[in-house]
Amino acid sequence: MLFIIFVILTPIVVWLLLHFMSSRQKSDAEDATPEAQIELCAMCQDEFPMTELLEKEVGGYGRVYCFCGTCIENLYHEYQHKTDIKVGE
Ligand SMILES: [Zn+2]
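These numbers come from a predicted model, not from an experiment. (Residues numbered from 1 in each chain as written. Predicted model: local features only at pLDDT ≥ 70, side-chain atom pairs only at ≥ 80, totals over all residues.)

Please explain the overall build of the protein as it appears in this structure.
Helices and strands together make up the secondary structure of the protein, namely 2 helices and 4 strands. The helix and strand sequence of the protein, counted from the amino end, reads α-β-β-β-β-α. The buried share of the protein, reckoned over its 89 residues, is 3%. Considering only contacts in the protein between residues 6 or more positions apart, those separated by 24 or more positions represent 29%. (Helix = DSSP H or I, 4+ residues; strand = E, 2+ residues; numbered from the N terminus. Buried ≥ 20, exposed ≤ 12 C-beta atoms within 10 Å, placed from the backbone. Contact = placed C-beta atoms within 7 Å.)

Structure below.
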């Protein structure tokens, strides 16, 4: 009787262990996939994925700030406007 229980239970236990381990490996692999990292733009404070931000080291402390395309574009236009006025004078 004990032998029969042993024979029936062993494959079930082994199968359950394998199933548990494979599902755990799968979730580990899912965790390892790089998710789009979200960062704040230093200027507008909006959240963007890192792929849409430009990282720049600012100042002497080696602090890295992220800037979004819209803010960079605004800065560019602001600078253009400023230099245009100077040229016109
Ligand atoms: Zn921005």
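Moving on from the coordinates now.
Would you explain the pairing of strand β4 (residues 63-68) in this entry?
Each regular strand carries side chains that alternate between the two faces of the sheet. Bridge analysis of strand β3 (residues 53-58) against β4 gives 6 bridges, and the strand direction is antiparallel. By the bridge assignment, Leu53 is partnered in β4 with Cys68. A loop of 4 residues connects β3 with β4, the two strands running antiparallel in sequence, and Gly59 in this loop sits at a positive phi of about 75°. (Pairing = 2+ DSSP bridges.)

How should the environment of Thr51 be read in this particular structure?
By the secondary structure assignment, Thr51 is in the loop between β2 (47-49) and β3. For Thr51, a count of 7 C-beta atoms within 10 Å translates into the label exposed. Residues Thr51 and Gln37, spaced 14 residues apart in sequence, show a C-alpha to C-alpha distance of 8.3 Å.

These figures capture arrangement, not role.
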